[in-house]
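What follows is each chain in one-letter form.
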Amino acid sequence: MKLKTIIKKNNSKNIKEVVARLKAGEVIGLPTETVYGLAGRYDNKNTIENIYKIKNRPKSNPLIIHYSNINDALNDIHIDSRARDLANKYWPGPLTLVAKVKNKSICKSALSKMNTIAVRVPSNIIFLNILSKLKIPLAAPSANRYGKISPTSANDVYEELNGKISIILDGGHSLIGLESTVIDLTGKKTKLIRHGAINKTELNSIIPVNDKKEKLKVFISPGLSNSHYKPDTSLRINALRPKKNEAWLAFGAIPKNFKGIALTLSEKKCLKESAKNLYKMLRYLDKKKCSGIAVQKIPKFGLGIAINDRLKRAAFSDRTNVK
Ligand code: TXA
Ligand code: MG
């Protein structure tokens, strides 16, 4: 059944309605500080199955559960000092912790029937406000169709899921623009399984983390699969200049005499600004139906590591055989 999708303003009347509808088991598009999420209560089987159906996501890919506060999140997992230290330093914020699950009332299909769970306390005020009014944690994957670019505005969610959900709550443009950093605490070694806003150097100041792929024996989660985050137009990364008929996504200033379609992630080469603009600009350029999108080389340090990680996946094609 096709639903009428409405983008609603963030005001107290609409928040009240969203909370009531989430309580009743509805799935709703909500803003977080990273990207927009497709949220539903974590303890309702129909709701969780609906999230998978709406996204067209394989059931083997578990969801992140979002909590209103650190205590509730830590109470649902088996913790050690690593979890406590990371949570106290980075929550509320763009960090997701994977650990053994303790709470038996969480819907098994949200965890893909595994005995581990991914948890986070988001810092977006609107999402936090909804969580604390609802008093039930929310499962929320990014609000895109499986394999597509994550949405960073209410309009992006509309583009992705129009007709499949009734409400998208407008929280403006996502502050960070890239998904959370995911850390696996299930083994003795702490593993960084998805790069994000909080980078390895920052994490290493709290606890040594390992991001070497070949050493990871974890299953490949969707954020880790080679061909995630994909625009329809083919992408050429680490480019020096655009070829004829390619759109140009620059890092730094666009030459004044440039004639083609071009945007810059950041005129002043700021990585934070580039992360915020990345998905929005890829989405925009994708609509221009150019022969390809060429992305200028972006430094591979700090936030640049997560940006390059997403670009590599977006550029992946079976032909180019990017590993
Ligand atoms: O920033 C974010 O994390 C956004 C916002 C909405 O919170 N959410 C998000 O969710 O990116 P999603 O579902 O698109 O990505 C969640 C990642 C996936 O790579 C998933 O496989 C992984 O977390 N994940 C979830 N549960 C896991 C588990 N038990 N073990 C390992 N990975 C897990
Ligand atoms: Mg996602």
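Reading the values: rules and limits
- Residues numbered from 1 in each chain as written.
- Chains lettered and ligands numbered in written order.
- Predicted model: local features only at pLDDT ≥ 70, side-chain atom pairs only at ≥ 80, totals over all residues.
- Heavy atoms only, no water.
- Domains from an automatic or database assignment.
- Contact = heavy atoms within 4.5 Å.
- Buried area = accessible area lost by both parts, 1.4 Å probe.
- Salt bridge = Lys/Arg side-chain N within 4 Å of Asp/Glu carboxyl O.
- Helix = DSSP H or I, 4+ residues; strand = E, 2+ residues; numbered from the N terminus.
- Polar contact = N/O pair within 3.5 Å; in protein donor to acceptor, adjacent residues only side chain to side chain.
- Phe/Tyr/Trp six-rings, centres within 6.5 Å; stacked < 30°, edge-to-face > 60°.
- Buried < 20%, exposed > 50% of the residue type's maximum accessible area, 1.4 Å probe, protein only.

### So, the domain arrangement of the protein
Taken domain by domain, the protein comprises domain 1 (6–204) and domain 2 (235–314). Here domain 1 and domain 2 have C-alpha centroids that lie 28 Å from each other. Taken together, the contact pairs 21 residues of domain 1 with 14 residues of domain 2. A buried area of about 1,500 Å², summed over both sides, lies between domain 1 and domain 2, and 58% of it is on carbon and sulfur atoms. A per-residue breakdown of the area domain 1 buries against domain 2 is headed by Ile149, Leu178 and His195, which together make up 39% of the total. Between domain 1 and domain 2 we count 5 salt bridges in total.

### Considering the side chain of Thr34
By secondary structure assignment, the location of Thr34 is in the loop between strand 2 (28–30) and strand 3 (37–41). Among the polar contacts listed, one links the side chain of Thr34 to the side chain of Arg120, at a separation of 3.3 Å. Not counting residues up to four positions away in its chain, the partners in contact with Thr34 are Pro94, Arg120, Ser174, Ile176, Gly177, Leu178, Glu179 and Ser180.

### Here's the deal with the packing of aromatic side chains
Following the criterion strictly, the structure yields 1 aromatic pair and no others. Considering the side-chain rings of Tyr42 and Tyr67, the 6.4 Å spacing of their centres and the 85° angle between planes classify their relative orientation as edge-to-face. Highlighted residues: Tyr42 in the loop between strand 3 and helix 2 (45–55) and Tyr67 in the loop between strand 4 (64–66) and helix 3 (70–75), separated in sequence by 25 residues. Just as Tyr42 is buried, Tyr67 falls in that class too.

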